[in-house]
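Observations on the three-dimensional arrangement
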Amino acid sequence: MIFDNSTSAVLQPVFGTSAISGNTYVKAQNGKLSWGSLVITAQPGSAITVQISAQASDQRVPAVVLEFVIKFRGCISGEVINNGLECKL
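First, a word on what this report is: a plain description of the structure on this page. Fair warning: this is a prediction, and the values are worked out from it, not measured in the lab.

Our focus in this paragraph is the overall build of the chain. The secondary structure content of the chain amounts to zero helices and eight strands. Reading the secondary structure of the chain in the N-to-C direction produces β-β-β-β-β-β-β-β. A compact globule built from 89 residues should have a C-alpha radius of gyration of about 12 Å, whereas the chain, at 16 Å, is more than 25% larger. The C-alpha extent of the chain, read off along each of the three principal axes, is 55 × 20 × 20 Å. Looking at the chain as a whole, 20% of its 89 residues qualify as buried. Residue pairs at least 24 apart in sequence account for 49% of intrachain contacts in the chain once pairs closer than 6 positions are excluded. If you sum the accessible surface of the chain, you get close to 6,200 Å²; carbon and sulfur atoms cover 55% of it.

Below is the structure:
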């Protein structure tokens, strides 16, 4: 097991209309990458693709890129779309 404190990573949207607020750039602590306070918003009922790109400080180690899809629920009965990015009562 490697307890790395130098790898850095960034989280960013790559497909879909969305907004990500909070700290999108992190550095490893004891081999772990952790995003503590992210808020990802998108149009209700939509899906977005998010990418995490990580690079070790040792350039001989290849970069790692992960992509995943986040699906957002649609508004439920009694809710309306507010500002295009959230459901409100």
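Once you've had a look at it, read on.
Time to look at the state of the cysteines. This model, assessed by the stated rule, comprises one disulfide. Here Cys-75 pairs with Cys-87 through a disulfide, and the sulfurs are 2.1 Å apart. The sign of the S-S torsion, about -95°, decides the handedness of the disulfide formed by Cys-75 and Cys-87: left-handed. Residue Cys-75 is found in the loop between strand 6 (64-71) and strand 7 (80-82), and its partner Cys-87 is found in strand 8 (residues 86-88); the two are separated by twelve residues along the sequence.

With respect to the helices, strands and loops of the structure, Glu-79 is situated in the loop between strand 6 and strand 7. One polar contact links Glu-79 to Arg-73, side chain to side chain, over a distance of 3.0 Å. Those residues in contact with Glu-79 that sit more than four places away from it in its chain are Arg-73, Cys-87, Lys-88 and Leu-89.

In this section: the nonpolar core. Ala-9, Leu-11, Val-26, Ala-42, Ile-48, Val-50, Ile-52 and Ala-54 together form the largest nonpolar core, which totals eight residues. In terms of residue count, the dominant contributor to this core is strand 5 (residues 47-55) (four residues). Contacts of Ala-9, omitting those with residues within four sequence positions, involve Thr-24, Tyr-25, Val-26, Leu-33, Trp-35, Ile-52, Ser-53 and Ala-54.

So, on to the pairing of strand 5. Pairing of strand 1 (residues 8-15) with strand 5 involves seven bridges; the strand directions are antiparallel. Bridged to Val-10 within strand 5 is Ser-53. Inspection of the sheet shows strand 5 paired to strand 6 by eight bridges, in the antiparallel sense. Looking at the pairing, Ile-48 lines up with Ile-70 of strand 6.

What follows concerns the environment of Asp-4. By the element assignment, Asp-4 lies in the segment before strand 1. Leaving out residues up to four positions away in the same chain, Asp-4 has contacts with Ala-28, Gln-29, Asn-30 and Gly-31. A polar atom in the side chain of Asp-4 sits 2.8 Å from the side chain of Ser-6.

Definitions and cut-offs
Residues numbered from 1 in each chain as written. Predicted model: local features only at pLDDT ≥ 70, side-chain atom pairs only at ≥ 80, totals over all residues. Heavy atoms only, no water. Helix = DSSP H or I, 4+ residues; strand = E, 2+ residues; numbered from the N terminus. Rg over C-alpha atoms; globule rule 2.2 N^0.38 Å. Buried < 20%, exposed > 50% of the residue type's maximum accessible area, 1.4 Å probe, protein only. Contact = heavy atoms within 4.5 Å. Areas by Shrake-Rupley, 256 points an atom, 1.4 Å probe, with all protein chains shown as cover. Disulfide = S-S within 2.5 Å. Polar contact = N/O pair within 3.5 Å; in protein donor to acceptor, adjacent residues only side chain to side chain. Core = buried A, V, L, I, M, F, W, Y, C linked by side-chain atoms within 4.5 Å. Pairing = 2+ DSSP bridges.

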